[in-house]
Structures are given as structure tokens and as C-alpha cells.
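# Chain and residue survey
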Amino acid sequence: MRGFITPERLERIKAVLARRQKDVSLVMDNIWDPHNVSAILRSCDAFGIHRVHLYYTSEKWPDLGKKSSASAKKWVERVRHDDAGAMLDSFAAQGVQVIRTGFSETAKPLFDFDFTRPTAVILSNEHRGASPELVERVDQELYIPMQGMVQSLNVSVAAAVILYEMFSQRRRAGLLDSPAFTREELDALTLQWSDK
């Protein structure tokens, strides 16, 4: 397949990878609706997120059709987890701040967080909220300030708002001006993406 890629396609792949962010991500916490999951993946691709984490313990990972996901699942790496402690310990070892979405009295507005730091934001299940084992270990909590009568946004819309704030902060800080990956990583990813 690699021999058939056009020069234009190769340049597009290289340009996209040069702006991919490897130290910010989302964690999908048992999000079950395939339309929401597909929309979140599309937003991740649009805002340059390289990897998402899938924490699925009480829900089954939804079957994503090609049409509904608009092929975004091809371009966003997915890492599965079923052990909260191991996942959170891995983030801590990498110096990643972990924030969950929610509405407790200690939750802070989205804009109060520094997303120029390595960050993982946990998006919770649409009906039950965050998994108790994640609430127990993740103290930082954010909410999106709402100006209307409703309390919250759909999880996929909330993801897009959070990702846009991440993108905006990082752009202003100049973090998008040079690749987040090393030259060797970029070369390997270019080869992988050329086969997709």
C-alpha cells in the first residue's frame, strides 16, 4: 500500500503529525453511546489529540461504524484500560495531571486549569457520572460554565469544548509551533499512517 501513496497525501500526513499533541488526552470512562464516542474521536482528530484512553469496566466498548465515525478512529490511537489504579499510576509516572468532569462543590471552571501541562481529562458516563474508583483517586474536577437553564452539555459536545480550550491554550503558548514527537517517532508514525 505504501508505494501507492501520492505525494500530496504524504505531505498531508506529515503536516497533521507535526501538530499532533502527545501529552494531552481524554479518558472515556464507560461512555456507551456509539454516536457520542464517534463524535469525541472526531473532535480529538480535529484538535490534534494523538491518543485517547478507554476505561471500560461496566460498559462494553461500542461498535463504531465507519460512516458514523467518519474514519476518525483510524487517526486517533486508543489505549484500553480496565484497572483504574494502574491507569492512574501510569499517568502519575509520566507527570500527567488528571482531571475529571463533574459538578461537585469543589469543581472549578474549565478556564481555571492549565492545559499547557501534560493532562488527561476523564469524560464520565452519560448517566452514572464518573466511576467511583476514579472519583476516589482523582481530586481535580472541572465543569464548563453554563449561561442558560440547562446544567450540562452532551458528553461529546463537552469533549469538544474542553479540547478547544486545550488547543487554544497550547496555541497561545507556542506549543503547536514545533512537533511534539521526535524525528524518529514522526518517521515511524508516517509509515504507519501511510498504510491506513
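Residues numbered from 1 in each chain as written. Predicted model: local features only at pLDDT ≥ 70, side-chain atom pairs only at ≥ 80, totals over all residues. Heavy atoms only, no water.

## Some thoughts on the overall build of the chain
Check the secondary structure of the chain and you find 8 helices and 7 strands. By the compact-globule yardstick of 16 Å for 196 residues, the chain fits well, its C-alpha radius of gyration being 17 Å. Referenced to the eigenvectors of the C-alpha coordinate spread, the extents of the chain come out at roughly 55 × 35 × 35 Å. Classification of the 196 residues of the chain by burial places 42% in the buried group. Pairs at least 24 apart in sequence give 82% of the contacts found in the chain among residues at least 6 apart. Put simply, the chain shows about 10,700 Å² of open surface, and 52% of that area lies on carbon and sulfur atoms. Here the chain contributes 26 positively and 26 negatively charged side chains, and the mean placements of these two sets differ by 8 Å. (Helix = DSSP H or I, 4+ residues; strand = E, 2+ residues; numbered from the N terminus. Rg over C-alpha atoms; globule rule 2.2 N^0.38 Å. Buried < 20%, exposed > 50% of the residue type's maximum accessible area, 1.4 Å probe, protein only. Contact = heavy atoms within 4.5 Å. Areas by Shrake-Rupley, 256 points an atom, 1.4 Å probe, with all protein chains shown as cover. Lys, Arg positive; Asp, Glu negative; His and termini not counted. Charge placed at Lys NZ, Arg CZ, Asp CG, Glu CD.)

## Concerning the environment of Ala180
By secondary structure assignment, the location of Ala180 is in the loop between helix H7 (155-172) and helix H8 (183-194). Considered as a pair, Ala180 and Ala18 are 162 residues apart in the sequence and their alpha carbons are 7.2 Å apart. If we skip the residues at most four places from it in the chain, Ala180 touches Ala18, Arg20, Gln21 and Lys22.

## Quick word on the layout of surface pockets
Estimates place the volume of the largest pocket at around 370 Å³. If you go around the largest pocket, you meet 20 residues; those closest to its centre are Thr101, Phe103, Ser152, Leu153 and Ala158. The set of elements that each furnish at least two residues to the lining of the largest pocket consists of strand E7 (141-143) and H7. With 3 residues, H7 is the largest single contributor of residues to the lining of the largest pocket. Split by residue class, the lining of the largest pocket holds 11 nonpolar, 8 polar and 1 charged. (1 Å grid on protein atoms, 1.4 Å probe; cavity = no way out; pocket = protein on both sides within 12 Å on 5 of 7 lines; lining within 4 Å. Points joined across faces, edges and corners; volume = space filled by probe spheres on them. Nonpolar A, V, L, I, M, F, W, Y, C, P; charged D, E, K, R; others polar.)

## Some details on the sheet that holds strand E1 (residues 24-29)
Strands sit in the order E3-E2-E1-E6-E4-E7-E5 across an open sheet of 7 strands; the sheet is parallel. Looking at the sheet topology across the chains shown, the edges are occupied by strand E3 (77-81) and strand E5 (108-109). Judged from the 5 bridges that link them, E1 and strand E6 (residues 119-123) form a sheet pairing that is parallel. Bridging from a neighbouring strand, Leu26 pairs with Val121 of E6. Packing against the sheet, helix H2 (residues 34-46) makes contact with E1, strand E2 (51-55), E3 and E6, and its axis sits at approximately 175 degrees to E1. Against the sheet, H7 engages E1, strand E4 (97-101), E6 and E7, with an angle of about 165 degrees to E6. (Pairing = 2+ DSSP bridges. Axes fitted to C-alpha atoms, helices over the stretch in contact; angles between N-to-C directions.)

## Here we look at the pattern of salt bridges
Tallied over the full model, the rule gives 8 salt bridges. One salt bridge connects Asp187 with Arg183, and the closest N-O pair in it is separated by 3.5 Å. Here Asp187 and its partner Arg183 are both found in helix H8, 4 residues apart, which amounts to about one turn of the helix. Overall, the relative accessible area of 40% leaves Asp187 in the partly exposed class. Residue classification places Arg183 among the exposed positions, given a relative accessible area of 53%. (Salt bridge = Lys/Arg side-chain N within 4 Å of Asp/Glu carboxyl O.)

## Thoughts on the side chain of Gln97
Along the chain, the position of Gln97 falls in strand E4. With a relative accessible area of 5%, Gln97 lands in the buried category. Among the polar contacts listed, one links the side chain of Gln97 to the side chain of Thr119, at a separation of 2.9 Å. In this structure, Gln97 is in contact with Asp114, Arg117, Pro118, Thr119, Ala120 and Gln140, ignoring residues within four places of it in sequence. (Polar contact = N/O pair within 3.5 Å; in protein donor to acceptor, adjacent residues only side chain to side chain.)

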